[in-house]
Amino acid sequence: MRLDHVSYVTSHDQLADTVQRLGARLGTTFVDGGVHPRFGTRNFTTPLQNGRYLEVVCPLDHPATDASPFGKAVSRRAAEGGGWLTWVLSTDDLSDIEKKLGRPAVEGHRKKPDGHDLSWKQIGILELLENRQLPFFIKWLTLDHPSTDGKAVSKISKIEIAGDKKSLTDWVGDDLQKVIGSDIEIVWVDPSKNDGEEGIVAVYVQTPSGEIRLD
């Protein structure tokens, strides 16, 4: 299990501006990831070093947005003004997590503008809706991972998380620092100092121009 990507939400109307703003700060280019038809969302992604990537995702005016847990999570965050939604862990085997949660993972896919279709399975969104500090889990079914869409020039150096370390460790079921990566510092923030909200507060990225803080 390892950190796969971090997910940032914006509204559909602000998608282009958000992608341009974050791309300018990161010194990189986002690529159009396409639509998630089963979730009623769409995204743009940019590769990061060490096989990770950053996703900017928005809700669509689509029946699946309100019908799917992921669509609901994205739509809710967008209605709050946008910002960090979650961090996502990838694994080659979801069976233990499926047993723990008592349900199967959900299949997802998106077709990129160049025609490539990416597919995966994911689980843990229902818990994310209740507790935003919790990551969800993904198993890629296709080989063309979004971290290979372009040249990665930046890397995640630090993540600020408002929440409880023990709850996260229990949820992940493994050493949290090992899962996120020894190259990434975890900074714990008391939710009371984050307007009472749990979840990612900020992600620090080391760019060619220096370290930046994305909140």
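The rules we used
Residues numbered from 1 in each chain as written. Predicted model: local features only at pLDDT ≥ 70, side-chain atom pairs only at ≥ 80, totals over all residues. Heavy atoms only, no water. Helix = DSSP H or I, 4+ residues; strand = E, 2+ residues; numbered from the N terminus. Core = buried A, V, L, I, M, F, W, Y, C linked by side-chain atoms within 4.5 Å. Buried < 20%, exposed > 50% of the residue type's maximum accessible area, 1.4 Å probe, protein only. Contact = heavy atoms within 4.5 Å.

Undergrad: Please give an account of unusual backbone geometry that cites residues and values.
TA: Of all residues except glycine, most have a negative phi; of all peptide bonds, most are trans. Here the phi dihedral of Asn 50 falls at roughly 65 degrees; this positive angle occurs in a residue that is not glycine. Inspection of the secondary structure puts Asn 50 in the loop between strand S3 (41-48) and strand S4 (52-59). If you check the backbone angles, Asp 195 has positive phi at about 60 degrees while not being a glycine. As for its placement among the helices and strands, Asp 195 is situated in the loop between strand S10 (185-189) and strand S11 (199-207).

Undergrad: Give me the nonpolar core: which residues, what numbers.
TA: Of all hydrophobic cores here, the largest spans 40 residues; its most connected members are Leu 3, Phe 30, Leu 54, Trp 84, Trp 87, Ile 156 and Leu 214. At four residues, the largest contribution of residues to this core is made by helix H1 (residues 15-26). In contact with Trp 84, not counting residues within four places along its chain, are Val 6, Ser 7, Tyr 8, Leu 54, Arg 77, Arg 132, Ile 200, Val 201, Ala 202, Val 203, Leu 214 and Asp 215. Core analysis: the next-biggest nonpolar cluster, separate from the first, contains 18 residues, Tyr 53, Val 57, Phe 70 and Leu 129 among them.

Undergrad: Help me get a handle on the side chain of Thr 28, residues and values and all.
TA: One can find Thr 28 in the loop between H1 and strand S2 (31-36). Once you skip the residues sitting within four places of it in the chain, Thr 28 turns out to touch Gly 23, Thr 46, Lys 151 and Val 153.

Everything listed here is a matter of geometry and, on its own, says nothing about what the molecule does.
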